[in-house]
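Spelled out, the chains give:
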Amino acid sequence: MSSVRGKVLVIGGGIAGIQASLDLAEAGFKVYLVEKKPSIGGRMAQLDKTFPTLDCASCILTPKMAEVPRKANIELITYAEVIDIVKEKDGFRVVVKKYPKYIDETKCIGCGICVERCPAREKLGAPDEFNEGLSTRRAVCILFPQAVPRKAVIDPNICLYLTRKTCKVCEKFCPAQAIDWSDTEKILNLYVDAIVVATGYRFVDPRHPALSIYGYGKYQNVYTNIEFERILDSRGPTGGEILRRSDKKHPKRIVFIQCVGSRDYRINPYCSAYCCMASIKQAVLAKEHEPGVDIVILYMDIRAFGKGFQEFYERAVKEFGIRFVRGRPAKIVEDPNTKNLIVYYENTLKGTIEKIEADMVVLALGIVPNPPDFMKRLGLVEPDGRVKIKDPSDPIATPVEGLFIAGMLAGPKDIPDSVAQGSAVAMRVMQHILRRKVEVVAT
Amino acid sequence: MSGEEIRIGVYVCHCGTNIAGTVDVEEVVRYASTLPNVVIARNYVFMCSEPGQQLIKEDIKKYNLNRVVVAACSPSLHELTFRNAVKEAGLNPYLFEMANIREHCSWAHPDRRKATEKAKDLIRMVVAKARELEPLEEIKIDVTKKALVIGGGVAGLRAALDLARSGFTVYLVEKRPTLGGHTARIPFIRYLGVRGDELISSIVKELVSMPNIKIYTNADVVSMEGGVGSFRVRIRVRPKYVDSKCNLCGECVKVCPVEVSNEYEYGVGTRKAIYLPYQTAYPQIYVIDPEVCTRCGECVKVCPTKAIDLDEKERYEDIEVGTVILATGYDPYEPEKGELGYGLSKKVITLFQLERLLDERGPTKGVLRIGDTEPRVIVFISCVGSMGTSPKAGSYCSRMCCSTMLSAALKIRDQLPGSYIYVIHKDIRTYGYDEELYWKALERDIRFVRYEELPEVKVSGDKIEVVVKDITIGEYISVPADLVVLVNGMAQGKYLREVLNVVRVSCGDEGFVKEAHVKLRPVDAASEGIYLAGSVTGPKSVIESIIHGSAAAARAATVLSKDHVFAEPIIAKVDEDLCSGCLVCVGMCPYNAISTKETDGRRIAFVNPVLCMGCGTCAAACPSGAMQQQGFKDKQVFAQIRAFAR
Amino acid sequence: MTEEYEPKILMIACNWCSYAAVDLAGTSRMRSPHNIRIIRVMCSGRVDPQMVLEAFVNGADGVIVAGCRLGDCHYIEGNYKTLRRMALLKKLLEQLGVEPERFRLEWISAADAKKYVEVANDMVEKLKKLGPLRISFEEISKLIEEVKHIE
């Protein structure tokens, strides 16, 4: 099929967006894949391992990511956001804002010399978003070593040249003369036949007043699960060693608290679906890193519902000795000397109030869909944060013809279901476009 | 190729710390560079990433490499990735080989010294094979732009509809006499106000109106040959003994002497040997069950349109398709007689039976009655047949039952506001947006009792008592129940084993079909061109099955949209000079890919490259060594074996 | 410090089942003996008895040929052919004076990582007791020249 059968915009370069783009491109459609960050990969790129197989997340993700630029039909537009869509004729006019990278993508070879040389680091740097702020990054950075595209971008808020007209070290050392100080915000206008929004999720704010009992932000050794994932990762801020913030010591006991910001009417009544398994995974990995560590998971229900999940949960108990206690913490207090946390909870299966002292506490944070602003303007977001769908039996089609959703944006789920939705939405798009053209390909 | 200097590049991956944390990658690289013909040896943190692949591509050009070895994870993950990288650098992709030093080494052996020595040995053996590799050309296969969907449940129907709408010709084969599977018997999808049979009907209505779809019910697939792009399949259509002249008058049912349990009502109620599966069944034709029919002929006598022919024979049809989607679904777990009182009292029923009793179009018109009495105390017991709660149960979680159970409990609450409804459960797994059901159930006074030890259902005459240790209070409670619902999960489809004899995909121990990769390829089977949709791969809700149906269709469309696909050339080939025409190989081939041809007045063996699946069995049998499997030739495998010792 | 004798074992594993089982053992971080070196073939049916003999000549103290469970062969019946050939090979090895523990034919499904670990552990234990292979390599080499396949 040499001719293009239609044009599709996919917003969001996470695993669902990537799958949708690959399937559409293979089937002969032109895809514009727009990703807000400098690289595709989404949340999965931040994971160390995936449950229940303990597959190395990068190992299974990076080849899929690597396929994207290889497909001639996919135009990858990173560090850009879709700011508006307008229904026009049979399709959509789309306005994309491209943020200035200050790097000429056509010249940048991703060698990383600029990053090595950049003096805007540590105190002059910024919190590294990829490591959830547990480390700092420089003004020029490549999101992560396996980034696609592997190109640098410059942060204008901390770049010494862009803020104070000094430095320019990166330009001096760049072997490809790729630094471009004249770069500006650009607006790109596209016309497409259909749109897939796969912008994923955001975590509930651990500093929400309703969650203040957990002490996140107040107590140094209380972490969110995504922070803990970065700590477990050998590519992360501590090289894969579990060292706690207060004294860089290895923990002897870690307590996980489930359903923080999920199943909670004050913040988010829904179940976030991924967190029981994610905590079990992290607990097992923590045991591998620190064989003597005691791990307790405080839970309401262990939602080990997927393929291989229950078996993994049982292994965690029997083989790895992870302790599961059914109870919600009522209070967490910090010992001012040791900076340990004392967690008070009701052990509902014994009917007793107990307390446990932990070196680290990990909060399994709830998630909510992360729709782009234009969807809110179009009235496609419910008050509880869910994205509106046309038909309750089809979670990926919005009431707007030709506008579809996939992945975590369409509700909490795990990686295989996001991938399946990525393929399913590609099929919805194919039909939406082809039905208008009504062709029977072969008899 | 002979006479050319062999120049090998060896790349040792750290895989983060997955390999480098155990194996001394520097030492391994040093060792590799001492091997004959190794021109360059490197190590890198993630060889499969863009920069890792770039390293290989640049070295191929810089060092004139003509063989590449990557020592990293299992080839099942990245062989294709690296073959493509090598191809992009202008080198034949089959001059590449992988050594598995992660799954087979660093992950299995924590001892640094032993793992490092083993890594060296594995690389030495692979390098020895690499020396003997030859360039191979991929085989171009024409794609037949037609699809086969096996299974007419909700996932198969959705997949068929999606492919038909996309313009491809679709053959849909359903074992039972009607389309719709189990979904058609579900009166409410969650608590959404959507009926299963209406969901099915809306898809079927559109499907049957399309010119490019052919539906076979009461049919099976009996053989399948070939591969992606061209599968040759034989369909057997079993006789219904009733044809389309049937006007649904039902006179035949009145006179039929045979009465059996009705599987379409999960045993709540009976049917005759001649029957219409249910009101909204498609096609709307009565059918005779040959296993119980006595051939008395009474129905033939009363049929006003003479639609019945007891001598109808089965017929066969051969089709050719480019892709196959397997969507044969599941069957509900059937409790054993005596398991939690099942079969000992009509007051103990399964979840699936309950749904029939709550269906307005069901045997009781949706009015929940046991005998003639309205139940006042209803007890649900979850995880029956799952979570290892009985010897026959699967150890897995059946995923959809908690949500289905609470939806059913809410329906009962709607109908019987004064009843006492207990849910006896292990965990409540209403994940994602289904949590809403749990909130609603709590608001509407459904009582939850948590168990660890399996409850006991005591049946004495007409009375049922459910005894369970409520672990949140630590005490045994006893509930005198009017109705006990065993929440049974999904188990392997009854006929799956038969299907798997024809469609060669494999099953896990728990009875569900295995995907190519459980995380990143959830609807692909391991074999190219075969896709998996719905609960055949594992328990799923109806809505999830629909998504998977569309996903499988999308995957199939990536093949069907093309005019050709390319097959891996690791197939058998005959060296015509060496072949003596003994033809021992011909009988070896399970795919009948080997035939004979005449050359120079001799009759020798010939392999059809499109039919050959590349097992190599013929090659092992060949006495003269004329038959060789490309990529696994004798000289290649023997070189690998000979390098076993240093 | 005594250097314990570590037998060297070659395993020829089929891609779809037994090789995948070893992969799964690794992915599940199951510890298995380091003594095993694996060669991949697409089907156990590819395995020629000569390959097993070649392994013994080239330093293997033990050889495992592993395929899918009977009835589950990815290529339908390759493993049945393996079964027949290896039965013949076993007789041959007996005549050569190679202890029967040194050669195993195993059917390991892709999900059965545990079986792989058990087989590997068992073989290492047995071979440790037997010690290194002591056989006339000249005899085996001669036999390799003469062995013809009888189907």
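Our structure's up above, just so we're on the same page.
Draft legend 1. Molecular detail of the overall build of chain A. Helices and strands together make up the secondary structure of chain A, namely 10 helices and 24 strands. For 443 residues, the compact-globule estimate of 2.2 N^0.38 gives 22 Å, and the C-alpha radius of gyration of chain A, at 23 Å, lies within 12% of that figure. Dimensions of chain A, computed from the C-alpha atoms along their principal axes, are close to 65 × 60 × 35 Å. Expressed as a percentage of the 443 residues in chain A, the buried residues total 62%. Sequence separation of 24 or more characterises 66% of the internal contacts of chain A that already satisfy a separation of 6 or more. As displayed, chain A has an accessible area near 16,800 Å², and 51% of this comes from carbon and sulfur atoms. Looking at charge distribution, chain A has the averaged site of its 65 positive side-chain charges lying 2 Å from that of its 53 negative ones.

Draft legend 2. Structural context of the packing of helix α6 (residues 154-165) of chain B against helix α7 (residues 196-208) of chain B. Residues and elements named next belong to chain B. At a closest axis distance of 10 Å, the pairing of α6 and α7 adopts a crossing angle of 35°. Considering the relative orientation of α6 and α7, their crossing is left-handed. Residues Val-154, Leu-157, Arg-158, Ala-160, Leu-161 and Arg-165 of α6 pack against Ile-200, Ile-203, Val-204, Glu-206 and Leu-207 of α7. Looking at the contact of α6 with α7 residue by residue, the classes come out as 8 nonpolar, no polar and 3 charged.

Draft legend 3. Just the packing of aromatic side chains, in detail. Applying the stated criterion to the full structure yields 21 aromatic pairs over all chains. Geometrically, the ring pair formed by B:Tyr264 and B:Tyr275 is tilted, given 6.2 Å between the ring centres and 35° between the ring planes. In this pair, B:Tyr264 sits in the loop between β11 (259-261) and β12 (270-272) while B:Tyr275 sits in strand β13 (residues 274-275), placing the two residues 11 residues apart along the sequence. In this structure B:Tyr275 comes out as buried when scored by relative accessible area, which is 7%. Chaining the aromatic ring pairs together yields one cluster made of A:Phe51, A:Phe305, A:Phe309 and B:Tyr431. The side chain of B:Lys175 reaches across the aromatic face of B:Tyr495, ending 4.8 Å from its centre.

Draft legend 4. Structural view of the side chain of A:Asp233. Its place among the elements puts A:Asp233 in the loop between α6 (225-232) and β16 (253-260). Those residues in contact with A:Asp233 that lie beyond four places of it in its chain are A:Gln46, A:Leu47, A:Asp48, A:Gly239 and A:Gly240.

Draft legend 5. Focus on the sheet that holds strand β2 (residues 36-41) of chain C. Residues and elements named next belong to chain C. Strand order in the open sheet formed by 4 strands is β2-β1-β3-β4, with parallel pairing between adjacent strands. The open sheet has two edge strands with one neighbour each: β2 and β4 (103-107). Strand-to-strand twist in this sheet, taken as the mean axis angle between neighbours without regard to direction, amounts to 20°. The sheet contact formed by strand β1 (residues 9-14) and β2 spans 6 bridges and is parallel. Of the residues in β2, the one forming a bridge with Cys-14 is Val-41. In this fold helix α2 (residues 49-57) packs onto β1, β3 (62-67) and β4, with an angle of close to 150° to the strand it touches most, β3.

Draft legend 6. Seen up close, the interface of chain C and chain B. Between chain C and chain B, the residue contacts involve 52 residues of the former and 51 residues of the latter. Contact with chain B buries area across many residues of chain C, yet C:Arg37, C:Arg40 and C:Arg46 alone supply 17% of it, more than any other trio. For the interface between chain C and chain B, the tally reads 4 salt bridges. Across the salt bridge formed by B:Asp121 and C:Arg37, the nearest N and O atoms sit 2.8 Å from each other. The interface formed by chain C and chain B holds 14 residue pairs in polar contact (both at pLDDT 80 or more) in total. Secondary structure elements with two or more residues in the side of chain C that touches chain B: β1, α1 (18-27), β2, α2 and α3 (78-96) of chain C. The leading source of residues in the side of chain C that touches chain B is β2(C), at 6 residues. Tallied by class, residues from the side of chain C that touches chain B come to 23 nonpolar, 12 polar and 17 charged.

Draft legend 7. Molecular detail of the environment of A:Leu124. Residue and element names in this part refer to chain A. Summarising the element assignment, Leu-124 is placed in the loop between α3 (113-117) and β8 (126-127). For the pair Leu-124 and Arg-138, spaced 14 residues apart in sequence, the C-alpha to C-alpha distance is 7.7 Å. Leave out the neighbours within four places in its chain, and Leu-124 touches Pro-119, Ile-158 and Arg-164.

Draft legend 8. Inspection of the interface of chain A and chain B at higher detail. On the side of chain B, 76 residues touch chain A, which itself brings 84 residues to the contact. Buried area between chain A and chain B, both sides added, is near 6,500 Å², and the carbon and sulfur share of it is 58%. On the chain A side of the contact with chain B, A:Arg70, A:Phe305 and A:Lys307 bury the most area, a combined 11% of that side's loss. Across the contact surface, chain A and chain B share 10 salt bridges. Residue A:Asp301 is joined to B:Arg450 by a salt bridge in which the shortest nitrogen-to-oxygen separation is 3.1 Å.

About the thresholds
Residues numbered from 1 in each chain as written. Chains lettered and ligands numbered in written order. Predicted model: local features only at pLDDT ≥ 70, side-chain atom pairs only at ≥ 80, totals over all residues. Heavy atoms only, no water. Helix = DSSP H or I, 4+ residues; strand = E, 2+ residues; numbered from the N terminus. Rg over C-alpha atoms; globule rule 2.2 N^0.38 Å. Buried < 20%, exposed > 50% of the residue type's maximum accessible area, 1.4 Å probe, protein only. Contact = heavy atoms within 4.5 Å. Areas by Shrake-Rupley, 256 points an atom, 1.4 Å probe, with all protein chains shown as cover. Lys, Arg positive; Asp, Glu negative; His and termini not counted. Charge placed at Lys NZ, Arg CZ, Asp CG, Glu CD. Axes fitted to C-alpha atoms, helices over the stretch in contact; angles between N-to-C directions. Left-handed = near helix turned anticlockwise from the far one by under 90°. Nonpolar A, V, L, I, M, F, W, Y, C, P; charged D, E, K, R; others polar. Phe/Tyr/Trp six-rings, centres within 6.5 Å; stacked < 30°, edge-to-face > 60°. Lys NZ or Arg CZ within 6 Å of the ring centre and 35° of its normal. Pairing = 2+ DSSP bridges. Buried area = accessible area lost by both parts, 1.4 Å probe. Salt bridge = Lys/Arg side-chain N within 4 Å of Asp/Glu carboxyl O. Polar contact = N/O pair within 3.5 Å; in protein donor to acceptor, adjacent residues only side chain to side chain.

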